[in-house]
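Take a look at the letters that make up each chain.
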Amino acid sequence: KKCNLIVMHQGLYQGDEMPEEEEDTGPTFEDLTIDDSLPDVKRIERYSSSPIALQRLMHVKMIASTAGSCGFDETRTILIPVLESMLSDDEFVVRQHLALQYPAVAKVCATHGDLGYSLLLEAVLPQLARLVTDPHAEVRAAASNAVVDVAAYIRQDDLGAHVLTVVLQMAEVEQEELRMCAAQLLNQLAPLLGAENCSFFVQPVVDVLSGDPVFRVRKAVALHLSHLCRASDSEDMLAKLLTAFERLARDDIWGVRKACAESIVDMAKAVNDSIRTSRLIPLTLALAHDSSKWVRHAMHQHLGALLATLRSEDVDMQLLAHFVAMGGPDAVAVFE
């Protein structure tokens, strides 16, 4: 009996004929074909709703460059509606790359007067806010970076209502992942928000997050305090941030203490010489003698960089001894 091989997109079927109940529901040849004669903006408009995920991904990646070349009118009438339509794409990798397109779109809007700026506030930022709260970490990470880039185009008076409010709301939700994301964003946005917003709105929330019952949230705070310290224009705010950091460096969870060891160099660069000597050196010594080997290793890895932030007269001999000991017995003998 002659055997026919019927090739299907799902695999191979062997037999004289296909069972009637099985229908080919895969992509057609027309679906697989891309009309590259179309202008880029029209290609994006057509294939952003393709049933094939790879086609959607490929055309999502074109949005940033196309926004810069096609101009404001087509960005407003075509690209921004396309962005909104893809916020709920089934593939997280599509949403991840979608988030990366927003800074370029925001730049086009910000350079086209009041109409463009209104579009930035009323369309671009709300769309990006949805991606920041995405269930997938990769999407949230890409969207968080995009928020910081887009915030650079927002006027100082509008940052509180349109950017900071969104992040503060994330800091209060039940999902720990969003509270972690909020801790990172509050630090990254600090240079743009200004000292007043940081003092009145950000610092109190960060203080609450530093005592969060979930250690992963506390760890996120420990890693992201340096920009807030640098943005501080009052001794009171800086003192509260340093107190929170010291509390985290004594946390019961070694992962939180390790995060402090990993971020202490950034903290040292963000404060003055007096604070480095009086508050950060004692913390460094404590972390270098921590009960957890992982914390000690992390502190030793960053010890050289920390010493480099100190003035020669501020170098602590115990810290220097720890650093030299990393070179082995011969280095210790020379040091002694």
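Everything here concerns the structure above.
Source: prediction; values computed, not measured.

J.: Got a sec to walk through the overall build of the protein? Specific residues and values, please.
T.: Across its full length, the protein carries 20 helices and 2 strands. Looking at the 336 residues of the protein, the share that counts as buried comes to 46%. The contacts in the protein between residues at least 6 apart in sequence include a share of 60% that link residues at least 24 apart. Accessible surface for the protein amounts to roughly 17,300 Å². Of this, 52% is attributable to carbon and sulfur atoms.

J.: Could you give me a rundown of the side chain of Arg-140, with the residues and numbers involved?
T.: Residue position: Arg-140 is located in helix 9 (residues 137-151). Within the buried core, Arg-140 has no salt-bridge partner, and the shortest N-O distance to an opposite charge, that of Glu-177, equals 5.5 Å.

J.: I'd like a description of the layout of surface pockets, backed by residues and values.
T.: The volume enclosed by the largest pocket comes to roughly 190 Å³. Arg-140, Glu-177, Met-180, Cys-181 and Gln-184 are, among the 13 residues lining the largest pocket, the residues nearest its centre. Listing elements by their share of the lining of the largest pocket, those giving two or more residues are helix 9, helix 11 (176-210) and helix 12 (215-223). Of the residues belonging to the lining of the largest pocket, the class tally is 6 nonpolar, 3 polar and 4 charged.

J.: If you had to explain empty space enclosed by the protein to someone new, which residues and values would you point to?
T.: Gaps left between atoms show up when a probe the size of a water molecule is rolled over them. Taken as a whole and judged by the stated rule, the model has 1 cavity of 30 Å³ or more. Lining the largest cavity, in full, are Leu-125, Leu-128, Ala-129, Val-132, Val-147, His-162, Val-163, Val-166, Val-167, Met-170 and Leu-185. If you list the elements that add at least two residues to the lining of the largest cavity, you get helix 8 (113-132) and helix 10 (156-170).

J.: Describe the environment of Ser-199, listing the residues and the values that go with them.
T.: For Ser-199, the position within the fold is in helix 11. Residue classification places Ser-199 among the partly exposed residues on the basis of a relative accessible area of 26%. Apart from the residues lying within four places of it in its own chain, the contact partners of Ser-199 are Pro-204 and Met-237.

J.: Before we move on, could you go through the nonpolar core and cite the residues and values that matter?
T.: For soluble globular proteins, the rule of thumb is that nonpolar side chains tend to be buried together. In this structure, Leu-98, Tyr-102, Leu-131 and Leu-228 are the most contacted members of the largest nonpolar core, which totals 97 residues. No other element matches helix 11, which puts 13 residues into this core. Ile-281, Leu-285, Leu-303 and Leu-307 belong to the second-largest nonpolar core, a separate cluster that totals 6 residues.

J.: Help me get a handle on the packing of helix 15 (residues 254-270) against helix 16 (residues 273-288), residues and values and all.
T.: Look at helix 15 against helix 16: their axes get within 11 Å of each other, and the N-to-C directions meet at 155°. By the criterion of interaxial angle, the relationship of helix 15 to helix 16 is roughly antiparallel. Judged by the sense of rotation from one axis to the other, the crossing of helix 15 with helix 16 is left-handed. Here Arg-257, Cys-260, Ala-261, Ile-264, Met-267, Ala-268 and Lys-269 of helix 15 lie close against helix 16, whose contacting residues are Arg-276, Leu-280, Leu-283, Thr-284 and Leu-287. Its residues assigned to classes, the contact of helix 15 with helix 16 shows 8 nonpolar, 1 polar and 3 charged.

Cut-off values and rules
- Residues numbered from 1 in each chain as written.
- Predicted model: local features only at pLDDT ≥ 70, side-chain atom pairs only at ≥ 80, totals over all residues.
- Heavy atoms only, no water.
- Helix = DSSP H or I, 4+ residues; strand = E, 2+ residues; numbered from the N terminus.
- Buried < 20%, exposed > 50% of the residue type's maximum accessible area, 1.4 Å probe, protein only.
- Contact = heavy atoms within 4.5 Å.
- Areas by Shrake-Rupley, 256 points an atom, 1.4 Å probe, with all protein chains shown as cover.
- Lys, Arg positive; Asp, Glu negative; His and termini not counted.
- Salt bridge = Lys/Arg side-chain N within 4 Å of Asp/Glu carboxyl O.
- 1 Å grid on protein atoms, 1.4 Å probe; cavity = no way out; pocket = protein on both sides within 12 Å on 5 of 7 lines; lining within 4 Å.
- Points joined across faces, edges and corners; volume = space filled by probe spheres on them.
- Nonpolar A, V, L, I, M, F, W, Y, C, P; charged D, E, K, R; others polar.
- Core = buried A, V, L, I, M, F, W, Y, C linked by side-chain atoms within 4.5 Å.
- Axes fitted to C-alpha atoms, helices over the stretch in contact; angles between N-to-C directions.
- Parallel < 35°, antiparallel > 145°, perpendicular 65-115°, else oblique.
- Left-handed = near helix turned anticlockwise from the far one by under 90°.

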